[in-house]
Amino acid sequence: MVELGPPDTLGYCSASFLVPKISSQANRTRKRMQPDLGRILDSLPGMVFTAVPDGCIDYMNESLAALTGISTPCTWPVAEAGNESRSQIENWRQGLAMGSPFEIVISVLDAAAVPRDLVVRCNPIIDDGRVAKWCGIAVEPPPPRETEFQRIVDSIPVPVAVTTPSGDVRSLNQPALDYFGMSLEALKEWKATEVVHPDDLNRTIDDQIAAHVNGTFYNVESRHLRADGIYRWHNVLGMPLRDADGEILCWFHLLVDIDDRKRAEIELAAQQREARLIPESIPAGVSVLSPDGGIEAANGHLLRYYGRTLDEIRMWPCPDLVHPGDVHRVADVLGSAIANGLPFDIELRLRGAEGRYRWFQVNGHPLKDDDGAVIRWYVLHVDVDDRKRAEQALKDTEYDLRKIINALPAAVWTTLPDGYCDFLNDRWLDYAGYTAEEAEGWGWGSVLHPDDKDELVRGWSTCLSTGLPIDLEARMQRFDGEYRWFLFRANILRDSDGRIVKWLGTNVDIEDRKRAEQALAERERESRLIVDGIAGMIAIFSPAGELMGGNQQLLDYFQLPLEEVKHWDTNGITHPEDLQLCIDTFMGSIVSGEPYDYETRFRRHDGVWRWFQLRGLPLRDEEGRIQRWYGLLTDVDDRKRAEEKLRQSEAFLADAQRLSRTGSFSMILGTERITWSAETYRIFDVDPAAPEVTFSTVLSRVHPDSVQMVKHVIEQARNGWGDFDYEIVLSMPDQSSKNVRVLAHSERNKDGEQELTGAIQDITDSRKAEEALNEARSELSYVTRATSLGVLTASIAHELNQPLAGIVTNASTCLLALGAEPPNIDVANDTARRMIRDANRSADVIVRLRALFSRKPPVIEPVDMNEVAMEAIALATSDLQRARLAVTTHLNGELPPVAGARVQLQQVIMNLLRNAIDAMSEAGGRTRRIIIRTELSAGGDVQLSVEDAGVGLPADDMDRIFDSFYTTKQDGMGIGLSVSRSIVENHNGRLWARANEEQGVTVSFTLPPYVSAATAQNETLHL
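Residues numbered from 1 in each chain as written. Predicted model: local features only at pLDDT ≥ 70, side-chain atom pairs only at ≥ 80, totals over all residues. Heavy atoms only, no water.

## So, the pattern of salt bridges
- Counting across every chain of the model gives 50 salt bridges.
- Ionic pairing is found between R232 and D260, a salt bridge with its closest N-O pair at 3.2 Å. Of the two residues, R232 sits in strand 10 (residues 231-242) while D260 sits in helix 9 (residues 259-263), which places them 28 residues apart along the sequence.
- Assessed through its relative accessible area of 15%, R232 is described here as buried.
- By relative accessible area, which is 26% here, D260 ends up partly exposed.
- The partner of E391 in a salt bridge is R387, and the shortest N-O contact between them spans 3.2 Å. Placement of both E391 and R387 in helix 13 (residues 385-407) is noted, with a separation of four residues, approximately one turn of the helix.
- Residue classification places R387 among the buried residues on the basis of a relative accessible area of 17%.
- When salt bridges that share partners are traced, they join R478, D480, E482, R484, D509 and D512 into one network. (Salt bridge = Lys/Arg side-chain N within 4 Å of Asp/Glu carboxyl O. Helix = DSSP H or I, 4+ residues; strand = E, 2+ residues; numbered from the N terminus. Buried < 20%, exposed > 50% of the residue type's maximum accessible area, 1.4 Å probe, protein only.)

## Observations regarding helix 31 (residues 976-986)
- Among all positions in helix 31, only L977, S978, V979, S980, S982, I983 and V984 are buried.
- Downstream of helix 31 by one or two residues, N988 has phi in the positive range, about 60°.

## Quick word on the sheet that holds strand 19 (residues 470-477)
- Spatial strand order, 18-17-21-20-19: five strands in an open sheet with antiparallel pairing. Two strands close off the open sheet at either side, each with one partner strand: strand 18 (421-424) and strand 19. Pairwise comparison of adjacent strand axes, ignoring direction, gives a mean angle of 25° for this sheet.
- Alignment of strand 17 (residues 411-415) against strand 21 (residues 500-509), held across five bridges, turns out to be antiparallel. Directly across from V412, in strand 21, lies its bridge partner T506. (Pairing = 2+ DSSP bridges. Axes fitted to C-alpha atoms, helices over the stretch in contact; angles between N-to-C directions.)

## Considerations on the packing of aromatic side chains
- One pass over the full model with this rule turns up 22 aromatic pairs.
- An angle of 75° between the planes, with centres 5.4 Å apart, marks the rings of F586 and Y596 as edge-to-face. Within this pair, whereas F586 is found in helix 20 (residues 576-592), its partner Y596 is found in strand 24 (residues 596-603), the two being separated by ten residues in sequence.
- The exposure class of Y596 is buried, given its relative accessible area of 6%.
- By the ring-pair criterion, three or more aromatic residues cluster together here, those being F541, W568, F586, Y596, Y598 and W629.
- Taking the ring centre of W233 as reference, the NZ or CZ of K262 above it sits at 4.8 Å. (Phe/Tyr/Trp six-rings, centres within 6.5 Å; stacked < 30°, edge-to-face > 60°. Lys NZ or Arg CZ within 6 Å of the ring centre and 35° of its normal.)

Spelled out as structure tokens, the structure:
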């Protein structure tokens, strides 16, 4: 990649615009561009040249060739430098040797053999770290304006002082130094010395400060100490010298000695004569105007310029002396000054004796009497034509430069020293869709990306305060709203005193580079990770197969110098049995250019032979030629030894899964891609050689009663739920069933896909054992119900007493109705129907009680949980009355039916009611109420809760109360809740307890909604 050195001056910036940054892969394109580049360089107004690295000029544009009269190629400026000193030649050669931007001044003879001084600025073009080209520009040094100004000041025959805009003494002419008899350094502190009479010092300082603050002319009379120790009166005249923009460049102070006028009127004429001589000695036009503006006097310098007599120019401004384009403006300024009695300062064109107009800066100051009336005007005419022409030339140059900058394929801008943006080229404005007025100042900041703005502003503020170049990256918003990355670069332009004049900056679109850098960084990061993770050695070979280098791992393994490792084929580090294979394979790839991959043994520094896998790839250039070979030596000795152990371990793992009847699986939920272990294939009775396992394959083995559970788990896993532990039933092709337990975990894998992984265990045998246990528990539950029969006797009697009493009452009423004269048949019919209703009610009570204490297996059917709850409350009525408790129900009338055995569910609710009654009997004077609530759970199951306000339970006992034979009651057996949990879990439900916020315990259980076998089968086929 060709790089251009950093520009540090305007000259370097101009040169850098001429050389595009091109890659070494674009040489042919660059050669095609050179004729166009020559035409561009020839069109530039400056003198530009290019040189080869040793300094020989191979191109100079027409401007430089016309000046020097030299044709290329040449060794200018060394050979054509004329009579300059050898030090200049040495500076040129030293600049070339440094290889960095430099600037020298060289005296040359132009085409007319006239000596000319040129400032030569050179900038290198760097390619692969070496100077590939020099690009330079030659400019003529500006005229020494300060020196010329000082000569003017020194030529004034009165003490003159020049101060900075802040009032510090910058220079004094020789009359001033002679008058005070002091050095310039001593007079810089005049406020602290005795050069001004103590009585006049404060007044003089105050008047000067006021003039500096207001930027106006001042006139002070004060006494100044002469070198011989005598104070003399002086009229100190101070006026600001301004630039074209009205900014004060410096202050010009005249110390006019008025001591004689002050001391004696008789010497007034002499002083006036001296005063008339002063304008004559000033190398500028001086005139004296009457209060109404007519010329009363003019010095010889002014009259000679006009080529007129005083009488011929008395009416000023004369139309034939002032440029027609300036007449009205001058008349307005002069008229306003005369009307207000204020100084005036104007630039205008005056025609000289030869008829040519020149620019003058005309400063007029009024002389006033004690009453403030203007006595006369003193006007100074300073020829500024050369300066104006230079300014115009500068403007023209700036205009040309602006056109060039606008044509550049980059956003360019400039700011004032404080960072105020005063120019942005068309490229910048077109990109942002802004006008120059909208972007000027600080308006450009609105296009910055909010995430980058603060950092860029901080960096820019630091550059403004330190004067260091800026080199930052930020995103800028395009006119269509898109943000792109740009490189912000800016350098400072300083004047001859080192002060910052401007900031020159560019915004280079680096969006493509940023994206490439990000991609490259990612690739480099991946490469580093790969290299860092490689447990091997890297070797680099020449195209002929000679070892050129290697990483530290290579040297550490052999602990030999690289020169010895080069002879791997003869020095014994390659195993003799593998040597010929290595030579044949490696050299065969060197000849064919094809990659190699083989295994061999190398001897370690301690004499141990270890197996390595050798893989090599060639690196080719653009034309396909091999530049070098990269070889990777991977230690595979442990792998080779572990391969056998791995085969054994895999066999052990397969045996372990087979013995434990536990398989593993993985399912990508987005694509339903499933992976099974060998044992999982056996559990599902699927041939491992069959096509890919799908979710349909799984559902084809799931029992219809378990399909809803599987679908529910898969849906939760898709939603990101974590761990699952559930049991399902599989239906095998031979019509047998298997009970399996599934433990699974759902999370996103490294590819961002939701994945369900887990293990599946065949628990058919353990489930059979549990069924046997459940039968035993059922027997025990039956015994418990039987032992509870005595307790329920009162409830049965109460339940039957009501319908039997109703039958007796209705029978008596029926007899009375039939025995009446005449018989009341309607009343008899009604009472007979009521007797039938009460008899049926009694029969239903007996049927339910018989089913409760029956040994018949439960019948699974759709059950209304609200009806079951009300039946259980009715059975427990006598216990509730004895305990003086009330039951409050909150039953959801829109619940779906559940799949269950009605009698077993009644037993669970009755057990929970009895425990609540017992807990409330020990609670003393608390609220005597039990709440039974039915509702839908968050998962869509039906939930029933029994809430009491009893004595409650310790937190440690909440889970233990469901264990067999664990009880908190003195006369309890610890069987009821354990049996209840078994019943609920056999119904695919869940039973738990929690402490209430205030007092008591709430025990709840959930059951899944009833799904018919036909519905489940249809859903399976749909999936």
